[in-house]
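Notes for the structure review
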Amino acid sequence: MPQIRLMGSDTSDVQRTADAVVRALKAWPETRVGDVSSPVPNRRGSGCRIYIEVLADVDGDVIDATLERDDQEQRPTSRPARRALPSGRARLER
């Protein structure tokens, strides 16, 4: 069965995200959620990994879904303009 791996340096953040993903996948009629692992400690650094088994029950159709968390602050959709570097070499004055 295909798996989704969620990982991060904050165990509680990974767990909240995994819970949200599982709820969304269970609500989607074309997917079946299998086993969800307990948090597995990261090999390097802090945090954990959680594996979610998922199977699409679609007859050849592609599932396209976007999941968004609503417990985080919204980030701006566009970045502020960045100033370009001056062309050529800048003159150094002593």
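Residues numbered from 1 in each chain as written. Predicted model: local features only at pLDDT ≥ 70, side-chain atom pairs only at ≥ 80, totals over all residues. Heavy atoms only, no water.

**Thoughts on the overall build of the chain**
Definition in use: Per the convention used, a helix needs a DSSP run of H or I reaching at least four residues, while a strand needs a run of E reaching at least two, with both numbered from the N terminus. Only protein chains enter the accessibility calculation, which uses a 1.4 Å probe. A residue is then buried if its area is under 20% of the maximum for its type, exposed if over 50%, and partly exposed in between. Contact criterion: two residues are considered in contact whenever any of their non-hydrogen atoms come within 4.5 Å of each other. Only the protein chains shown count as cover for residues, and the accessible areas themselves come from Shrake-Rupley with a 1.4 Å probe.
Looking only at helices and strands, the chain has 1 helix and 4 strands in total. Order of helices (α) and strands (β) in the chain, N terminus to C terminus: β-α-β-β-β. Considering the chain as a whole, with its 94 residues, one finds that 15% of them fall into the buried category. Restricting to contacts in the chain with at least 6 residues of sequence separation, those with at least 24 account for 59%. Taken as a whole, the chain presents about 8,600 Å² of accessible surface, with 47% of it coming from carbon and sulfur.

**Some points on the confidence of the model for the chain**
Applicable threshold: How sure the predictor is of each residue is captured by pLDDT, a score from 0 to 100.
Confidence in the prediction for the chain averages 77 pLDDT; 61% of positions are at 70 or higher. Element-level mean pLDDT values for the chain span from 91 in strand E2 (residues 31-36) up to 95 in helix H1 (residues 11-27).

**Notes on the pattern of salt bridges**
What counts, and what does not: Here, a salt bridge means any Lys or Arg side-chain nitrogen found within 4 Å of an Asp or Glu carboxyl oxygen.
Within this structure, the stated rule accounts for 1 salt bridge. Linking arginine 16 and aspartate 13 is a salt bridge whose minimum nitrogen-to-oxygen distance equals 3.3 Å. Taken as a pair, arginine 16 and aspartate 13 lie in helix H1 at a separation of 3 residues, close to a single helical turn. Here arginine 16 falls in the partly exposed class, since its relative accessible area comes to 41%. Aspartate 13 sits in the partly exposed class, given a relative accessible area of 24%.

**Things to note about H1**
As a reminder, the rule being used: Here the expected span of a helix is defined as 1.5 Å times the quantity of residues minus one. Arc definition: directions from the helix axis to the C-beta atoms.
Counted at 1.5 Å a residue, the expected span for H1 with its 17 residues is 24 Å, and the 24 Å between its end C-alpha atoms agrees. Listing the buried residues of H1 in full gives Val14, Ala18, Val21, Val22 and Leu25. All buried residues of H1 fall inside an arc of 100 degrees around its axis, so they share one side. Residues of H1 that are exposed and point more than 90 degrees away from the buried face comprise Arg23 and Ala27. Looking at the packing, one finds that the buried side of H1 touches strand E1 (3-8), E2 and strand E4 (48-56).

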